[in-house]
Amino acid sequence: MATLLRKIGLIRLHDRDTDGAKHQGSRKATKSGSQKNANKQCNSSSNESILLQSDHHHHYHSNHQQQHNHKRSEQPPSTKDSNKDKQQAGSKVPPASGSSSGGGSSSSIPGQPPNKQHCAQVRSRRLMKELQDIRKLTDHFISVELVEDNLFEWNVKLLQVDKDSALWQDMKETSTECILLNLNFPDNFPFSPPFMRVLSPRLENGYVLDGGAICMELLTPRGWSSAYTVEAVMRQFAASLVKGQGRICRKVGKTKKAFTRKEAEATFKSLVKTHEKYGWVTPPVSDG
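Residues numbered from 1 in each chain as written. Predicted model: local features only at pLDDT ≥ 70, side-chain atom pairs only at ≥ 80, totals over all residues. Heavy atoms only, no water.

### Looking at the pairing of strand E1 (residues 142–147)
The sheet contact formed by E1 and strand E2 (residues 150–158) spans 6 bridges and is antiparallel. Within the sheet, the bridge partner assigned to Leu146 lies in E2 and is Trp154. (Pairing = 2+ DSSP bridges. Helix = DSSP H or I, 4+ residues; strand = E, 2+ residues; numbered from the N terminus.)

Structural data, given as structure tokens:
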């Protein structure tokens, strides 16, 4: 009986071990199957992900290429092209004024006078001041009248010369009130001298020449200074008349012949040319 029971117990242990092994095998099989299924799913999902990524990359690359092409179409020409355009445009620009095909070029002359408008303003202000100063003179040495209300042309009356001179005696004897002069002021006065000539009476000597032209260095461009005033010029002229022994012409026939501006201008140009040649000394008789 004991032997039978022992056998039965061994059988049961064997059956239990067999069932346990089978159960473990089934569990292992189930686990490996589930792992295989999981690996399959993982592989399939990874494959799908790779496909999606490749599709997305291809789509992104195509979009990026389209955007790049669009930007290139909107961008301005490259620097190289723009430089070419500038060079072509520059080659069409005409040469600067003053240049010549021979390589020489003309430069601007330094020291040119200011523009006409500025010159007119300077001249007007200067002459207005001159008029005011002359009207303030107390010795009544000269008086001024504008020719047809033109500020730039004056008739000046020289009322006094040296009272010990022969010229003053001539003026008294001939009842000559004054020596009348005409002054024309150029556009660039006071930087250029006025043109001054004697109108009446007709004078001889005293550095008064044909047409009433006056031989005075300070009335020439070389001898003139912008600091000279009309009053100073007239005082110098009065002194030169006496120094040059000027007299009122009393010869028959000549007293009625008036001085003319055309003759005065021609005479003045001639005397300036002569003095530029010989200086401001007494020229040879042959040159007048």
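On we go.
### Some details on the nonpolar core
In this structure, Trp154, Leu158, Leu181 and Phe237 are the most contacted members of the largest nonpolar core, which totals 44 residues. Elements that contribute at least two residues to this core include exactly helix H3 (116–135), E1, E2, helix H4 (166–173), strand E3 (179–184), strand E4 (195–200), helix H5 (230–243) and helix H6 (261–278). Tallying contributions element by element places H5 first for this core, with 6 residues. (Core = buried A, V, L, I, M, F, W, Y, C linked by side-chain atoms within 4.5 Å. Buried < 20%, exposed > 50% of the residue type's maximum accessible area, 1.4 Å probe, protein only.)

### Some thoughts on the sheet that holds E2
Pairing within the open sheet is antiparallel, and its 4 strands lie in the order E1-E2-E3-E4. Each having just a single partner strand, E1 and E4 make up the two edges of the open sheet. Pairwise comparison of adjacent strand axes, ignoring direction, gives a mean angle of 30° for this sheet. Across 5 bridges, the pairing between E3 and E4 is antiparallel. Counterpart to Leu183 in the pairing with E4 is Met196. Along the sheet face, H5 touches E1, E2, E3 and E4 and points at about 35° away from the line of E2. (Axes fitted to C-alpha atoms, helices over the stretch in contact; angles between N-to-C directions. Contact = heavy atoms within 4.5 Å.)

### Some thoughts on the packing of aromatic side chains
Applying the stated criterion to the full structure yields 5 aromatic pairs. Taking the centre distance of 4.8 Å and the plane angle of 65° together, the rings of Phe185 and Phe189 count as edge-to-face. Pairing Phe195 with Phe268 gives two aromatic rings, centres 5.8 Å apart and planes at 75°, and the pair type is edge-to-face. Within this pair, whereas Phe195 is found in strand E4, its partner Phe268 is found in helix H6, the two being separated by 73 residues in sequence. We note that Phe195, like Phe268, is buried. Taken together, the ring pairs in this structure connect Trp154, Phe185, Phe189, Trp224 and Tyr228 into an aromatic cluster. The cationic tip of Arg123 hangs over the ring face of Phe152; the distance from NZ or CZ to the ring centre is 3.5 Å. The residue whose ring lies beneath Arg235 is Phe141, and the NZ or CZ to ring-centre distance is 4.3 Å. (Phe/Tyr/Trp six-rings, centres within 6.5 Å; stacked < 30°, edge-to-face > 60°. Lys NZ or Arg CZ within 6 Å of the ring centre and 35° of its normal.)

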